[in-house]
Amino acid sequence: MLAYLIRRVLWMIPTFLIILIINFGILRLQRPPLSYEMSGGQSQEEAGSRDAEKGQANLKNHLGRLKRTGNNLPSLINLRGFVDKDDMIEILEDLQSKTGVKESERYEQELELMISGHMSVEPLVEILKDESLKSLHGPASQAFMMCAYTPLNYEDRFEYSSEELGEIQLRNKSLADMAINYTNEIDKAFKVDDENYESKRENILNYYQRHQSIYVQSERRWGAIFGDTGFMVFMGKLFTGKLWSETKKRYVFEVIAERWQVTLWLNIFSIMIAWGIAIPLGIRSARQKGTLEDKTTTNILFFLWSLPSFFIGSLLLHHLCTDSSTGAALFPHRGLSSDDSLWYGTLRYLLDIAYHGLLPLIVLTYASFTVLSRYMRSNLLEQLNADYVRTARAKGANEDKIVYGHSLRNSMITMVTLGAGLISELFAGFIIVETIFTIPGLGLLLLDAVLQEDAPLVMGSAVISVTLLMVGFLIADVLYAVVDPRIRSQYG
Amino acid sequence: MADTQMSPMQLVWRRFIAKRSAKIGMWSALVIFLTGTYAPFIASEIALIWWDENGLQFPAFASLFNRLEYVHRHDLLFNLIALLLPIMVLAGVFLRKKFKLGNMVLSCIGILTAIWIVCQLPLIPGQDRMRALWDNRPLAQEDIGNYTKNPDKVFAIFPIVTHGFEQTYQGANLKAPFTMNEKTSQRFWMGTDVRGRDVLVRMLYGARISLTVGLVATGISLIIGTIFGALSGYFGGWVDLLMQRMVEVMMSFPTFPLVMVVVAMTGRNVFIMMAVIGLTGWAGTARLVRGEFLAQMNRDYVLAGRSMGLPGWRIMFRHVLPNVSAPLLIAATFGIAGSVGAESGLAFIGLGDANAPSWGDLMNQGRQNIKYAWLIYIPGIAIFTIITALNLMGESLREAMDVKS
């Protein structure tokens, strides 16, 4: 039994990892919103210093946004540390030749260069040091300004210590000061040979001399191949609990901690009620096969099975939860407790929750309950036609004994397998039910996150949901071992 | 004695069609399919027949393949079906003796592809005759005054409902069923939605989306699942083990949230929705096919094929697959019902294609404006009908084929 459990738990790890990777891959599909303004203002005629500053600010915002979602790093393998001087020359020459061709195309390439961040600083400095590459010094110095910059955002207040934060801010400020001196030429920088580049170069090289230690990548590049990737950053944030939700301005797990219990309890009650009704109903129906009662039950269950739960939910909301001309609503239309429920006594509080939760529970339950009882009936019928039942009948066993002692135990094996499969079906159910009745649970959170494209929140709630799902599967496995003696004997 | 001369498929068909539930299911599904397919002829602002001094025109037919007229890609597919269905039925009735079924299906697919390619061509400029087919000039009721000098001589036949599916009527938001529309002096038989569009017309066109998503998504998942299950069952060993683990992962994957996330991240598009529903739903099919394949692998005909030196894919897909098609057919029927439900559910929580007229989207409007009952009842009953019809067909098919669930 223990060996069986350990085996099942070990199987969960790769499943969990694969699910995480798939989820991560999907979130990578999201493209960052592109904006023209960031390369120094849309209208080039009046590209004054104000526009250039605005462009710089937009750029910083954009880089910060990329950093927040981990989109500034490659997904799984990071080879940016291996960009050397020659590659960088190629990139810059490409960029230089592209100027004036097409704003958006150039922008894409600039972005490519900039999101590599600190990784590109070393080859850029090598180019700046090389006297024979004067034509590239203009773009290189501008690229340096962008790559050496450390975009900060709100969540960084929690990630860095205050000294580190101060240092980064100082560094950024000196970079910005340098950049503002050049803003007038920021558009020209890629296009023409700049005459003042000598002084700029001096400034940049001085700056690099002072802060060299944080930009040196040559020792880190091997560790960065797998370590400094979007996936690892995400995993690190996930396991240290530092996923930051942009829309909620809080840590993702803090938001989820308030929400997950609601969903969990709703689902536990729903599963319990569904099994509690479905099994007796299925047994009763199967034992009375062919009678009018059986036929009616089967037909009703069939139609209930075909009724989509969002239809039933909307109907209940319309008829029972909305004030009409004839009178006030019977049930509350939103939430799982009254607004002032904190001041209620225990009993009243529980009654209040039951009152609020009744309709959501009905909608959540009936879909799985119809499937379960239909399967229970057909399964039990199959078992009742088996040979061992005929033997039991022939030796004169009691009918109750046959059904409950022999057949039911056999059909429970199939039922538990089916129940495990139904757990993942519950997800569709509770997302829809929480949407209809505005219950602040995981499903509504996930929907909000998806609609607002808050990637960390999506990932966080997906991970928690999948974890709950895995626990559900584990419980199903335990039950499976309980009802199936073959497994117990196999694993001793 | 008659039974012995029939092929197994004919036998199943006879047993299937003898059931009342199967008949009800088939007819309801057929009615929904036909109303969806012929929606432009039932409800459209474009005239069916237009006869003025310039001659006789059929604007509704012309606009079927006018690329400026149809909005969504799946509409083109249904327009093609609308045109080809009578031809195919007639050919099926008259040429049944001469041609084999397979040839006929192949030629129909060929015609469809050819028309599809022609439809992708740019608008043809030049001669007036040529342009008439492609002309972007829907002849609607309002045009009678503008288009011709003497409106009295125009003879035009319009569809029963002359409301377009994307046409919004000012000030007609959320009107109850049977309200009169002053502009066209016609009733909104099923009321209007939030933006003042006719619900009846949107329901008709919504059938197209539901059916397309159901069929395509199920097709994708069936193809992937069959290949997966066949390979797994045929080769066995570590291939089987590896593939079973993958199936297990897919089985434990919560499909609905996954589809939600993908649709939200990549854009609200019906085709992406279909692809994702199909790509996530194949695990059940794979498991089913694998089980059937394992049962078939010990049969003599497989051994015979192997000893003759047939390649593996030929044994798998030419010989074993037809023997396991019965459970696949049943799974397909239930799969379509499931995909239709999934699409409606997604549209219901607001993740559907924002422009496409979909049943779930109408229900979403009903949920947000909860007082307007017809926005819940009408699409809800339609979704219920199509799912019930498909489930009835699946159940009857299961009983007719005598397959254990």
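Residues numbered from 1 in each chain as written. Chains lettered and ligands numbered in written order. Predicted model: local features only at pLDDT ≥ 70, side-chain atom pairs only at ≥ 80, totals over all residues. Heavy atoms only, no water.

Novice: I'd like a rundown of the nonpolar core, residues and numbers included.
Specialist: Grouped together as the largest cluster of nonpolar side chains are 124 residues, with contacts concentrated most on Phe437(A), Met260(B), Ile349(B) and Leu351(B). Broken down by element, this core gets its largest block of residues, 14 residues, from helix H18 (residues 399–437) of chain A. Here Met260(B) is in contact with Ile431(A), Leu446(A), Leu447(A), Val450(A), Leu346(B), Ile349(B) and Leu351(B), once residues within four sequence places are set aside. (Core = buried A, V, L, I, M, F, W, Y, C linked by side-chain atoms within 4.5 Å. Buried < 20%, exposed > 50% of the residue type's maximum accessible area, 1.4 Å probe, protein only. Helix = DSSP H or I, 4+ residues; strand = E, 2+ residues; numbered from the N terminus. Contact = heavy atoms within 4.5 Å.)

Novice: Residue-level account of the pairing of strand S1 (residues 49–52) of chain B, with values.
Specialist: All names here are of chain B. Alternating positions in S1 separate cleanly, Trp50 and Asp52 being buried on one face and Ile49 and Trp51 remaining unburied on the opposite face. Where S1 and strand S3 (residues 155–157) come together, 3 bridges link them in antiparallel fashion. Considered in S3, the bridge of tryptophan 51 is made with phenylalanine 155. (Pairing = 2+ DSSP bridges.)

Novice: Give a description of the confidence of the model for chain B that names residues and reports values.
Specialist: Residues and elements named next belong to chain B. The predicted model of chain B averages 82 in pLDDT, with 86% of residues at 70 or higher. By mean pLDDT, the top-scoring element of chain B is helix H3 (residues 20–37) (93), and the lowest-scoring one is helix H8 (residues 128–134) (46). This model gives residues 122–134 a pLDDT under 50, and the stretch forms 14 contacts once residues within four places in sequence are excluded. Overall fold confidence for the complex sits at a pTM of 0.83, while the interface term, ipTM, reaches 0.86. (pLDDT = per-residue confidence, 0-100.)

Novice: Would you mind going over a nonpolar patch on the surface in detail, with residue names and values included?
Specialist: On the surface, a cluster of nonpolar side chains totalling about 670 Å² of accessible area is made up of Trp51(B), Leu56(B), Phe58(B), Phe61(B), Leu83(B), Phe155(B) and Ile157(B). Counting through the fold element by element, Phe155(B) comes out in strand S3. (Patch = residues over 30% accessible without salt bridge, like charges linked within 9 Å, V, L, I, M, F, W, Y side chains within 5 Å. Areas by Shrake-Rupley, 256 points an atom, 1.4 Å probe, with all protein chains shown as cover. Salt bridge = Lys/Arg side-chain N within 4 Å of Asp/Glu carboxyl O.)

Novice: Please give an account of the side chain of Ser396(B) that cites residues and values.
Specialist: Residue and element names in this part refer to chain B. Locating serine 396 in the fold gives a position in helix H19 (residues 374–401). Overall, serine 396 belongs to the buried group, its relative accessible area being 1%. Here the side chain of serine 396 touches serine 21 through a polar contact of 3.2 Å, side chain to side chain. Sequence-distant contacts of serine 396, that is, excluding residues within four places in its chain, are made with Phe16, Lys19, Ser21 and Ala22. (Polar contact = N/O pair within 3.5 Å; in protein donor to acceptor, adjacent residues only side chain to side chain.)

Novice: Please set out the layout of surface pockets residue by residue, giving values where relevant.
Specialist: Residue and element names in this part refer to chain B. By volume, the second largest pocket is sized at about 1100 Å³. In terms of lining residues, the second largest pocket is bounded by 22 residues, among which Trp13, Phe16, Met26, Leu30 and Met393 are the most central. Among the elements of the structure, helix H2 (8–17), H3, helix H10 (199–235), helix H17 (325–348) and H19 are those that each provide at least two residues to the lining of the second largest pocket. Among the elements that take part in the lining of the second largest pocket, H19 stands out by supplying 6 residues, more than any other. (1 Å grid on protein atoms, 1.4 Å probe; cavity = no way out; pocket = protein on both sides within 12 Å on 5 of 7 lines; lining within 4 Å. Points joined across faces, edges and corners; volume = space filled by probe spheres on them.)

Novice: Explain the packing of aromatic side chains to me, and be specific about the residues and the numbers.
Specialist: To describe a pair of aromatic rings, one takes the distance between the centres and the angle between the planes. Counted under the stated rule, the structure contains 25 aromatic pairs over all chains. Ring centres of Phe24(A) and Phe234(A) lie 6.0 Å apart, and the angle between their planes is 25°; on these two criteria the pair is classed as stacked. Pair noted here: Phe24(A) is in helix H1 (residues 2–28) and Phe234(A) is in helix H12 (residues 230–240), with a separation of 210 residues, a long-range link. Just as Phe24(A) is buried, Phe234(A) falls in that class too. The structure contains a cluster of three or more aromatic residues connected by ring pairs, namely Phe302(A), Phe303(A), Trp305(A), Phe334(B) and Phe384(B). (Phe/Tyr/Trp six-rings, centres within 6.5 Å; stacked < 30°, edge-to-face > 60°.)

Novice: Now, about H17(B): what can you tell me, with residues and values included?
Specialist: Given a rise of 1.5 Å per residue, 24 residues ought to cover 34 Å, and the 34 Å separating the end C-alpha atoms of H17(B) matches this to within 8%. A positive backbone phi angle near 95° is found at Gly350(B), which sits one or two residues after H17(B). (Expected span 1.5 Å × (residues − 1).)

Novice: Explain the confidence of the model for chain A residue by residue, including any values.
Specialist: Residue and element names in this part refer to chain A. Chain-level pLDDT for chain A is 80 on average; 84% of the residues reach the 70-or-more range. Taking the mean pLDDT of every element in chain A, the minimum, 62, falls on helix H2 (residues 49–68) and the maximum, 92, on helix H14 (residues 292–306). Across residues 183–192 the pLDDT falls below 50, and counting only partners more than four positions away or on other chains, this stretch makes 25 contacts in the model.

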